[in-house]
Amino acid sequence: MMVDLGSFSDEKFDAKKWINAACQSRHPQDPLEKHLVDLEMKLQMMSEEIAASLEDQSSAAILRVPRATRDVIRLRDDATSLRNSVAGILLKLKKAEGSSAESIATLAKVDTVKRRMEAAYETLQDAAGLTQLSSTVEDVFASGDLPRAAETLANMRHCLSAVGEVAEFANIRRQLEVLEDRLDTMVQPRLTDALSNRKVDVARDLRGILIRIGRFNSLEQHYTKVHLKPIKQLWEDFDSRQRANKLASEKNELERISSGHDVRSSLPTVSFSSWLPSFYDELLLYLEQEWKWCMVAFPDDYKTLVPKLIIETMATVGASFVSRINLATGDVVPETKALARGVLDILNGDMPKGIKVQAKHLKALIELHNMTDTFVRNLQHLFAESDFQVLLDTLKAAYFPYESFKQKYGQMERLILSAEIAGVDLRGAVTRGIGAQGIELSETVRRMEESIPQVIVLLEASVERCISFTAGSEADELILALDDVMLQYISTLQETLRSLRAICGVEIGLEKKDIGLEKKEGAHGSRKPDSISNEEEWSIVQGALQILTVADCLTSRSSVFEASLRATLARLSTSLSLSVFGSSLDQNHSHVAGDDGSGEISLAGRAALNVAAVRLLDAPEKARKLFNLLEQSKDPRFHALPLASQRVAAFADTVNELVYDVLLSKVRQRLNDVSRLPIWSSIEEPSAYPLPSFSAYPQSYVTNVGEYLLTLPQQLEPLAEGISNSDANTDEAQLFATEWMFKVAEGATALYIEQLRGIQYITDHGALQLSVDIEYLSNVLSALSMPIPPILATFHTCVSTTREQLKDLVKSDSGNQLDLPVANLVCKMRRVSLEQ
């Protein structure tokens, strides 16, 4: 049996638990007493062993204590000795430091004097050398050894910089400038010959001479001057062809006149748009050849020299380029072509009235710009190794001829869209006399509805033109133009609605009602049903209902277009952020996308440079304004066309008002002067003979109104079906029709109640008739599933009750079922006094 001593070292050791555990671990066949005796014996033996071990270890420890004490004393003595030695060393160092500092200061002064003496010696040598060089430089120039002359001038420049501004050497400084100009002049003819005849070694040596005397600008200017001449010849080729064609045409005209034959031979004319791609191709081929040659001749400078050609070329032919573009835009429209003018002349007001900017002008401009885009992409590929700023300046120069057009893009787009919107014919047929209003209304509404998708297509085309021409850099101007043009279009729709009011016959009545001429209105209203047939009335109603589809179409299409515009602005925000300022607006070019932190622009960053990036990098304020707009477009609450959105909502409200007035006009006509009907004050004539009593019948005015209301759902059904087909939502269409049905029924009821309030006096006979009329209208409203208004129910209750019972009814109700003001009004009409 093994005993584990580890449990005895546990702080929570429990003797009883340990004994119980030891008893449970015994063999089942062993007696418990025997097991306990063995366990006690083993514990006693182990205890004795532990005690003996502790005694031995204690004795050994006691023997080691004196030895450890002696060691500690020895270490203490050694530490004290060491501390004394270190203190002595520190004292010696402090003494040495004082004397060393003085020695070092003395040495520093000596070194300064030495260096000054050496500098003075070198300056004297340079001064002596400068004097010698100045006296021998003419001999060097006379020898014709240009490299030696360059070296001599470089040494003179070095010596002058060494001696500084010394009055004795002022003449030599002026002499040096003259000599450098002289050497530059001597180099130029040889450099011209080397550049023209592709002499690599000679050009490289001459470049070294100019660099040695600090005249790299001279190399750059001369290189540009030599190669600008053939490029200008390429550009002037177009004018040469034009002059040749003009002379040939004049010659043919003279021959035709002299021969007497009326035969006109048409010579092929060369347009600028067809010539420009060939010019770009030849120019690009020339630049590629120069790039390859300069890589060998000027390996350190070719990345700057060749792009400089484009910059200088555009600076030279820029004005001519703009003029040719302007004339090319005018050639696509006969009016401007005949006057040899272009779109800039129209924008500047230099054209006769009536000639306006057309979409064809801008389309021709975009086609030319696309040709330049292709050329610019090829330049980016060719000059990919150039510095970013050099590449940026080159691309700006290539796009320079279009800058004046882009600055006026917003004006162009506004004029084009305004003219196109003005050309949309919204009016139907002309007034064809009485009886044709329904035809004109239907045709006008149809044209209004068809104009909406036409206008949206025009607006979408303008967005595409903005992206194609400016790559979105003029998006802010486009938004303003679109908003203004939408306001113009909606104003035209509003004017058309006002004219439709007269066609529908609701304008005159409303105006007369406003000025209080109810009698004249009644007379006019009484004649109107005679002048317009019932069929045409329903035709006007149906046409008015169709105007609702115009408002619905305008609202939905404008919302879709605005959402599409916001999506376009979001895409522009992403693309322009990547190509211009990375993820933040910063004027520092180090934040351009693709900057890896080392100042070098990656290939991806260079590739992102488009026409918008080239413009915006040099226009930080415009870029900031544009990016603020693009950032706002990401907000779901953003309205790209804020004023137009408000006008669209206002137009929908105006349409609802017009339709409501038209649908209610027939009710208004039938209920006109109902309060003055003589039957209300009539008295039943007494008869000498007993006659059977018959129930009264509703009058024609209320039956006409009831029949109209019951027929109205049939008129709304085609409109509801049209909405259902377009929206694929039958429930929504049904709800739409029901809302309008309720709206007209409520309006008719309100008009009727207004007439009832105007009754001054009503007899018992009149009250009986009015009760029948109200009951008929209430039944119609119930058939339309419309609740009976409490006021109308109060009228019906009060006129259905006899005069004798009316007083008690009003007093007993106390407002529970009746509308008390109306009940009091009826009592006044029936001459019933409620006083005690």
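This one's a predicted model, so the numbers in the text were calculated from it and none came from an experiment. Every chain begins its residue count from 1, and numbering advances along the sequence as written. Totals for whole chains, interfaces and linings use every residue, but because this is a predicted model, local features are given only for residues with pLDDT of at least 70 and side-chain atom pairs only at 80 or more, for both listing and counting. Side-chain numbers come from the whole structure's heavy atoms, not from hydrogens or water.

(A) Local environment of the overall build of the protein chain. Strands here are runs of E lasting at least two residues and helices are runs of H or I lasting at least four, both read from the DSSP assignment and numbered beginning at the N terminus. Within the protein chain one finds 29 helices and zero strands. Note on classification: 1.4 Å probe, protein chains only; a residue is buried when its accessible area is under 20% of the maximum for its type, exposed when over 50%, partly exposed between these limits. Counting only residues that meet the buried cut, the protein chain has 39% of its 836 residues in that class. At a minimum sequence separation of 6, the contacts of the protein chain that also span at least 24 residues come to 76%. Counting every atom, the protein chain has about 46400 Å² of accessible surface; 55% of that belongs to carbon and sulfur. Contacts: residue pairs with any heavy atoms within 4.5 Å of one another. For the accessible areas, the method is Shrake-Rupley and the probe is 1.4 Å, while residue cover comes only from the protein chains on display.

(B) Examining the pattern of salt bridges more closely. One speaks of a salt bridge when a side-chain nitrogen belonging to Lys or Arg is within 4 Å of a carboxyl oxygen belonging to Asp or Glu. Per the counting criterion, the structure on display carries 24 salt bridges. Asp-201 is paired through a salt bridge with Arg-204; the nearest N and O atoms lie 3.1 Å apart. Of this pair, Asp-201 and Arg-204 both sit in helix H5 (residues 200–212), separated by three residues, roughly a single helical turn. Salt-bridge contacts for Asp-237 lead to Arg-241; the nearest nitrogen and oxygen are separated by 3.0 Å. Note that Asp-237 and Arg-241 are positioned in helix H6 (residues 216–259) at a spacing of four residues, about one turn of the helix. Classification of Arg-241 as partly exposed rests on a relative accessible area of 37%.

(C) A look at the packing of aromatic side chains. Classification of ring pairs uses Phe, Tyr and Trp, with its six-membered ring standing for Trp, and accepts pairs whose centres are within 6.5 Å; under 30 degrees between planes counts as stacked, over 60 as edge-to-face, and the remaining range as tilted. Going through the model one piece at a time under the given rule, you end up with 17 aromatic pairs. Arranged with centres 4.8 Å apart and planes meeting at 35°, the rings of Trp-235 and Phe-321 form a pair that is tilted. Taken together, the positions of Trp-235 in helix H6 and Phe-321 in helix H8 (residues 302–331) put the pair 86 residues apart, joining distant regions of the chain. Across the pair, Phe-321 and Trp-235 agree in class, each one buried. Here Phe-279 and Tyr-280 contribute two aromatic rings whose centre-to-centre distance is 5.9 Å and whose plane-to-plane angle is 45°, an arrangement assigned as tilted. The same class applies to Phe-279 as to Tyr-280, namely buried.

(D) Spotlight on the nonpolar core. Judged by nonpolar contacts, the single largest core of 186 residues is most densely connected at Phe-272, Phe-298, Phe-651, Leu-709, Tyr-752 and Leu-770. The biggest single contributor to this core is helix H19 (residues 534–581), with 16 residues. Discounting residues that sit within four places of it in the chain, Phe-651 has contacts with Met-448, Ile-490, Leu-493, Gln-494, Leu-497, Val-550, Ala-551 and Leu-554. We define the nonpolar core as a collection of buried residues of types Ala, Val, Leu, Ile, Met, Phe, Trp, Tyr and Cys that are connected through side-chain atoms lying within 4.5 Å of one another.

(E) Fine view of the packing of helix H7 (residues 272–297) against helix H11 (residues 359–382). The geometry of H7 relative to H11 is characterised by a closest axis approach of 10 Å and an angle of 10° between their N-to-C directions. If you check the angle between H7 and H11, you find them roughly parallel. Between H7 and H11, the residues in contact are Phe-272, Ser-273, Leu-276, Pro-277, Tyr-280, Leu-283, Leu-284, Leu-287, Glu-288 and Trp-291 and Leu-368, Met-371, Thr-372, Phe-375, Asn-378, Leu-379 and Leu-382, respectively. Throughout, the ten residues Ala, Val, Leu, Ile, Met, Phe, Trp, Tyr, Cys and Pro are labelled nonpolar, Asp, Glu, Lys and Arg are labelled charged, and all others, Gly among them, are labelled polar. Each residue belonging to the contact of H7 with H11 can be placed in one class, and the counts come to 13 nonpolar, three polar and one charged. Interaxial angle, 0 to 180 degrees, is taken between N-to-C directions of lines fitted to C-alpha atoms, where a helix line uses only the stretch in contact. Comment on the angle field: the value is read as roughly parallel under 35 degrees, roughly antiparallel over 145, roughly perpendicular from 65 to 115, and oblique elsewhere.

(F) Structural detail: the side chain of Ser-573. Relative to the assigned elements, Ser-573 resides in helix H19. By relative accessible area, which is 2% here, Ser-573 ends up buried. The residues touching Ser-573, leaving out its near neighbours within four places in the chain, are Phe-627, Leu-630 and Lys-634.

(G) Representation of the environment of Arg-198 within the structure. Assignment of secondary structure puts Arg-198 in the loop between helix H4 (170–196) and H5. Taking the C-alpha atoms as reference points, Arg-198 and Cys-294, 96 residues apart in sequence, are found 9.6 Å from one another. Setting aside residues up to four positions removed in sequence, Arg-198 forms contacts with Gln-289, Glu-290 and Trp-293.

(H) Just the packing of helix H16 (residues 475–504) against helix H23 (residues 642–671), in detail. Running from amino to carboxyl end, H16 crosses H23 at an angle of 10°, the nearest separation of the two axes being 9 Å. One element, H16, and the other, H23, form an angle in the roughly parallel class. Partitioned by chemical class, the residues of the contact of H16 with H23 number 16 nonpolar, three polar and five charged.

(I) Representation of the side chain of Gln-494. Tracing the backbone through its elements, the reader meets Gln-494 in helix H16. In this view, Gln-494 contacts Ala-650, Phe-651 and Thr-654; residues no more than four positions away in its chain are not counted.

(J) Examining the environment of Lys-634 more closely. By the secondary structure assignment, Lys-634 is in the loop between helix H22 (620–632) and H23. For Lys-634, a relative accessible area of 47% corresponds to the partly exposed category. Residues Lys-634 and Ser-573, spaced 61 residues apart in sequence, show a C-alpha to C-alpha distance of 9.0 Å.

(K) Representation of the confidence of the model for the protein chain in the model. Confidence scores per residue from the predictor, reported as pLDDT, run from 0 to 100. Per-chain confidence: the protein chain averages 80 in pLDDT, with 79% of residues scoring 70 or above. For the protein chain, per-element mean pLDDT is lowest for helix H18 (residues 518–531), which scores 38, and highest for H11, which scores 93. Low pLDDT, under 50, characterises residues 429–435; the predicted model gives this stretch seven contacts beyond four residues in sequence or across chains. Scored below 50 in pLDDT, residues 508–530 makes 18 contacts in the model with residues more than four places away or belonging to other chains.

(L) Geometry of a nonpolar patch on the surface. A cluster of nonpolar side chains, Leu-82, Val-86, Ile-89, Leu-90 and Leu-93, forms an exposed patch at the surface whose accessible area comes to about 480 Å². In this structure Leu-90 comes out as partly exposed when scored by relative accessible area, which is 46%. Patch construction takes residues with relative accessible area above 30% that form no salt bridge. Like charges are linked within 9 Å, and nonpolar side chains (Val, Leu, Ile, Met, Phe, Trp, Tyr) are linked within 5 Å.

(M) How the structure looks around unusual backbone geometry. Located in the positive-phi region is Ala-471, a residue other than glycine, with phi close to 55°. Position of Ala-471 relative to the elements: it lies in the loop between helix H15 (437–470) and H16. For Ser-785, which is not glycine, the phi torsion reads 65° and is therefore positive. Within the secondary structure layout, Ser-785 lies in the loop between helix H26 (764–783) and helix H27 (790–800).

(N) Seen up close, H5. Taking 1.5 Å per residue as the helical rise, H5 with its 13 residues ought to reach 18 Å, and the 18 Å between its terminal C-alpha atoms agrees with that figure. Among all positions of H5, only Val-200, Ala-203, Leu-206, Arg-207, Ile-209 and Leu-210 are buried. Positive backbone phi, at 75°, marks Gly-214, one or two positions downstream of H5. The length a helix should cover is 1.5 Å for every residue beyond the first.

(O) Structural view of helix H12 (residues 388–399). Taking 1.5 Å per residue as the helical rise, H12 with its 12 residues ought to reach 16 Å, and the 17 Å between its terminal C-alpha atoms agrees with that figure. H12 sits mainly inside the fold: nine of its 12 residues count as buried. Looking only at H12, the buried set comprises Phe-388, Val-390, Leu-391, Leu-392, Thr-394, Leu-395, Ala-397, Ala-398 and Tyr-399.

(P) Region of the structure containing the environment of Glu-449. Within the secondary structure, Glu-449 is located in helix H15. Overall, Glu-449 belongs to the partly exposed group, its relative accessible area being 31%. Remark: the alpha-carbon pair of Glu-449 and Asp-552, spanning 103 residues in sequence, is separated by 9.6 Å. Apart from the residues lying within four places of it in its own chain, the contact partners of Glu-449 are Thr-549 and Val-550.

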